[in-house]
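These are the residues of each chain, in order.
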Amino acid sequence: MTDGQVLEDLAALVGADVVLAPDPALLEKHTSDYCVQGKPDVGVMALVFPRNTGQVSKVLRYCNDHGIAVQPQGGLTGLAGGAVPVGPCVIISLERMRSIKEIDTAAGTITVEAGVAMEAVQKAADAAELFFPLDLGGRGSCQIGGNVSTNAGGNRVLRYGMARDLVLGVEAVLADGTVIDALRKVIKNNSGYDLRQLFIGAEGTLGIVTQIVLRLFPKPRSSCTGICAVQDYAGVLELLRRARSGFGALLSAYEVMWPDFYQMGTAGLGRKPPLELGHGVYVLIETLGTDPEGDQARYESVIAEAIEAGVVQDAIIAQSQREATELWAVRDSPGEWSKGIHWPQLGFDVSVPTGEIGPLAEEIGAELRRRWPQLVSVFFGHVADGNLHVSVRMSGHDIPELDIENAVYGIVAQRRGSISAEHGIGSLKIPFLHFSRSEAEIALMRAIKNAMDPKGIMNPGKLFTSGPAPH
Ligand SMILES: Cc1cc2nc3c(=O)[nH]c(=O)nc-3n(C[C@H](O)[C@H](O)[C@H](O)COP(=O)(O)OP(=O)(O)OC[C@H]3O[C@@H](n4cnc5c(N)ncnc54)[C@H](O)[C@@H]3O)c2cc1C
């Protein structure tokens, strides 16, 4: 079947305005994500921009009937190459499915199409005096369908959980075009397998998510943010203990930055460091509450007590939203690194229990310095969630990335951690899946894939080494 025939058939099925030919400008945009530069000449047959679930279903059924690979795409901010086509395919981009269907204040839910940007969900919730807590640096571009498909985490997992914890219902289309309508608003539903979970974190390998019911929360009336300097990782853990007991349920973020990261996110970007350089470790702490005056006083007293006890060496507490934004900018600075200071980078997104994050960072740092002393690496992470990010600057060094990856993931595996805490496997981490998953687990995942996508058309070349295992 020729590409021209596929284009013609799809246009006849869903309309010529929905199906575009792969011209160079479109290919340039739709063959890369934030991390992986794909190949525009990979063999994209058509780009489909459906306006509704019915059109997604028709296109999938056609592709399944003809054995054509399908590449689902959201906002292309992914960090594992999951949305980047690796062979001939039809791209289905959800960017035209951007409707916010309903906000139910009694149920505390918002029902949206998958192509709605994360930030648009946050704003819609805010306008209804409610709060959608999922948040990360790519908020303006990433889509909620992409967030669900990667089970995104971000800055407030500590309090509200990952995307998985925020999804009540899902509508998704299987490879053969079958629409699975699990778009329910109920919290309690023990009527058999929880099918919505299959699509969350599946990276588009089991179907296309078209609509989602998300949980909303009461809108915080107060937000307190500060950065504390502590001596070492023991200090990080002691401060976390104090923050948990002092702030209780108000604690919403506990972000740790090792000195090299802090230097790069401040002076390295021409920004005045909020606390001076040279401390052992820096911790950004955020609380969200309902009593602006009381919460700020409580925040200041918990930090003051930690200073008095010698746990915190120095601290800065934001006195306005503008100051809080400036403090967060230090933690969110990786979004600015592509301007050149730490680029290209090899990024790691790993997890172990919180108490082991400090030793893990030390062990990885020591191994990298021992084997490749010329490399610069920085450490930071959502430590209360047990999530460490390591970023290694690769420019100017001719070191095989695979060697560095095997070294880091080997250390993580010894601690029974995960090689992908947040970003997914995509195409980048396929060779390392076995560091985190047993053979039996991978076999079960393949069996699920085979059951839901027997021809292996959904996002081939991602998550597994090849398509579904042969029957
Ligand atoms: C500056 C920056 C900061 C970031 N910070 C974080 C962070 O803190 N935590 C975190 O978890 N991630 C983070 N990310 C990664 C990224 O934003 C998330 O992975 C995001 O959830 C991807 O959404 P997207 O719409 O861009 O998806 P894409 O990149 O377009 O796709 C990602 C995967 O989902 C699949 N997919 C997309 N939409 C659908 C759909 N509707 N149905 C089925 N499959 C689909 C794709 O095939 C692909 O496998 C960050 C990215 C950037 C650029």
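Nothing here was measured: the structure is a model prediction, and the numbers come from that model. (Residues numbered from 1 in each chain as written. Predicted model: local features only at pLDDT ≥ 70, side-chain atom pairs only at ≥ 80, totals over all residues. Heavy atoms only, no water.)

**Q** Honestly, the overall build of the chain in this entry has me stumped. Any pointers?
**A** Each helix and strand in the chain was counted, giving 15 helices and 18 strands. The C-alpha radius of gyration of the chain comes to 23 Å, within 12% of the 23 Å expected for a compact globule of 471 residues. Taken over the C-alpha atoms alone, the chain extends approximately 70 × 55 × 40 Å along its principal axes. Across the chain, the fraction of contacts at a sequence separation of at least 24, relative to all contacts at a separation of at least 6, is 73%. (Helix = DSSP H or I, 4+ residues; strand = E, 2+ residues; numbered from the N terminus. Rg over C-alpha atoms; globule rule 2.2 N^0.38 Å. Contact = heavy atoms within 4.5 Å.)

**Q** I would appreciate a short explanation of the site of the ligand in the present structure.
**A** Among the 36 residues in the neighbourhood of the ligand, the closest are listed as Pro 72, Gly 75, Leu 76, Thr 77 and Gly 78. The contact in question runs from an oxygen atom of the ligand to an N or O atom on the backbone of Glu 203, over 3.1 Å. Within the side chain of Asn 459, a nitrogen or oxygen atom sits 3.4 Å from an oxygen atom of the ligand. Compared with its free state, where it exposes 980 Å², the ligand has 94% of that area covered by protein. Elements with a contribution of two residues or more to the shell around the ligand: β3 (70–73), α5 (144–149) and β10 (208–215). Among the elements that take part in the shell around the ligand, α5 stands out by supplying four residues, more than any other. (Near = heavy atom within 4 Å. Polar contact = N/O pair within 3.5 Å; in protein donor to acceptor, adjacent residues only side chain to side chain. Areas by Shrake-Rupley, 256 points an atom, 1.4 Å probe, with all protein chains shown as cover.)

**Q** Whenever I open this one, helix α12 (residues 321–331) confuses me. Can you help?
**A** For an α-helix the count is 3.6 residues per turn, leaving residues at separations of three or four pointing the same way. Listed as buried for α12 are Ala 324, Leu 327, Trp 328, Val 330 and Arg 331. The buried side chains of α12 occupy one side of the element, clustering within an arc of 145 degrees when seen end-on. (Buried < 20%, exposed > 50% of the residue type's maximum accessible area, 1.4 Å probe, protein only. Arc of directions from axis to C-beta.)

**Q** Would you mind showing me how to read the domain arrangement of the chain here?
**A** As a measure of interface size, the accessible area lost when the parts come together is often cited. Once the domains are mapped, the chain shows domain 1 (3–93), domain 2 (100–218), domain 3 (222–334) and domain 4 (344–435). In this structure, domain 2 and domain 4 have C-alpha centres spaced 29 Å apart. Each partner contributes residues to the interface: domain 2 has nine residues there, and domain 4 has eight residues. Overall, the association of domain 2 and domain 4 removes approximately 580 Å² of surface from exposure, summing both partners, and the carbon and sulfur fraction of that is 43%. Among the residues of domain 2 in contact with domain 4, Gly 154, Leu 158 and Glu 203 are the three that bury the most area, contributing 55% of the side total. If you look at where domain 2 meets domain 4, you find zero salt bridges. Along the contact surface separating domain 2 from domain 4 lie five residue pairs in polar contact (both at pLDDT 80 or more). Tallied by class, the residues present in the side of domain 2 that touches domain 4 amount to three nonpolar, five polar and one charged. (Domains from an automatic or database assignment. Buried area = accessible area lost by both parts, 1.4 Å probe. Salt bridge = Lys/Arg side-chain N within 4 Å of Asp/Glu carboxyl O. Nonpolar A, V, L, I, M, F, W, Y, C, P; charged D, E, K, R; others polar.)

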